[in-house]
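For reference, the chains in residue letters:
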Amino acid sequence: MSWKPTPASADRLRAKLDDEFETVAKPEGLRRSSDARREREAAAPAVEPDTWQRSSERRGNARGGSRIGAASGRAADRASSAEDEATAQDGGKPARKGPSLKMRAVGYLSRREHAREELARKLAAYAEDADEIESVLDALEKEGWLSTERFAQSLVHRRASRQGAARIVQELRQHGVDDTQVAELREQLRATEYDRALEVWKKRFDAKPEDRAAYAKQARFLASRGFAHDVIRRILGEGEDD
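Computed from a predicted structure; not experimentally measured. (Residues numbered from 1 in each chain as written. Predicted model: local features only at pLDDT ≥ 70, side-chain atom pairs only at ≥ 80, totals over all residues. Heavy atoms only, no water.)

In this section: the environment of Tyr 194. Of note, Tyr 194 is situated in helix α9 (residues 193-204). The exposure class of Tyr 194 is partly exposed, given its relative accessible area of 25%. Here the alpha-carbon distance between Tyr 194 and Asp 230, two residues 36 residues apart in the chain, equals 9.2 Å. Here Tyr 194 is in contact with Val 231, Arg 234 and Ile 235, once residues within four sequence places are set aside. (Helix = DSSP H or I, 4+ residues; strand = E, 2+ residues; numbered from the N terminus. Buried < 20%, exposed > 50% of the residue type's maximum accessible area, 1.4 Å probe, protein only. Contact = heavy atoms within 4.5 Å.)

Within the span of helix α11 (residues 229-236), buried status applies to Val 231, Ile 232, Ile 235 and Leu 236. Projection of α11 onto a plane perpendicular to its axis shows the buried side chains occupying an angular sector of 120°, all on one side. Residues His 229 and Arg 234 are exposed on α11 and point more than 90 degrees away from its buried face. Next to the buried residues of α11 lie α8 (179-191), α9 and α10 (212-224). Directly beyond the C-terminal end of α11, a positive phi value near 90° is found at Gly 237. (Arc of directions from axis to C-beta.)

Attention now moves to the UniProt feature "domain: RecX first three-helical" (unreviewed entry) in the protein chain. The positions UniProt marks with the feature "domain: RecX first three-helical" (unreviewed entry) are residues 104-138. Helix makes up 71% of residues 104-138 and strand 0%, whereas the separation of the span's terminal C-alpha atoms amounts to 15 Å. (UniProt positions renumbered as here; feature names shortened; annotations may be inferred.)

Glancing now at the packing of α9 against α10. The packing of two helices is summarised by the inter-axis angle and the distance between the axes. Relative orientation of the contacting elements α9 and α10 amounts to 130°, with a least axis distance of 11 Å. In terms of their interaxial angle, α9 and α10 are classed as oblique. Note on packing geometry: the crossing formed by α9 with α10 is right-handed. Of the residues in α10, those in contact with Ala 197, Val 200, Trp 201 and Arg 204 of α9 are Gln 218, Phe 221 and Leu 222. (Axes fitted to C-alpha atoms, helices over the stretch in contact; angles between N-to-C directions. Parallel < 35°, antiparallel > 145°, perpendicular 65-115°, else oblique. Left-handed = near helix turned anticlockwise from the far one by under 90°.)

Below is the structure:
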């Protein structure tokens, strides 16, 4: 006895086949979607190697340009320095660096007293012209920083215990101390010349010369310190000297 499908069983069979087809078709559809993405990526325009090369060349050129710019800047600085040196050699005055002229002067005066001419000589290397130095010195004298009279008194105080009046007076004149003040200080030194010379002699010899050679040696020593000849004879006694 053979079985023949009825219309109802045929419909059920088609529905079952449709369900099976949908179950199998879904993964296939997913695979088709991934294939589509790969196809789209493959279809996208690829970046050409020379494009990257051109970009790297641009970056390299930019870095090279920076290095060239920096080197140019350093070369310009060296050229500027050389120009400043050339200007100084030609007699020009480059831009002043460091402390001001007045601050330099105050620094010198804070270490010891200076005469006006002595301080002017020290400042000459840092000044634009002589008028600038004179202006600074006038201001320092007005403010009490600078005093040639005070310098002279200080110098006499430092030298008197070791030197005679002649040598001290010579140094005062070299520093431009006024002649009137020099004369006053010389009289003061002469009044104490013997006592000072005697102390210097005692520290070095402390014994009268026994012969002509010893007398000459002691006399030369005291004379080199600037003591007067009459004072030397008083200390060494009457005798022959050189």
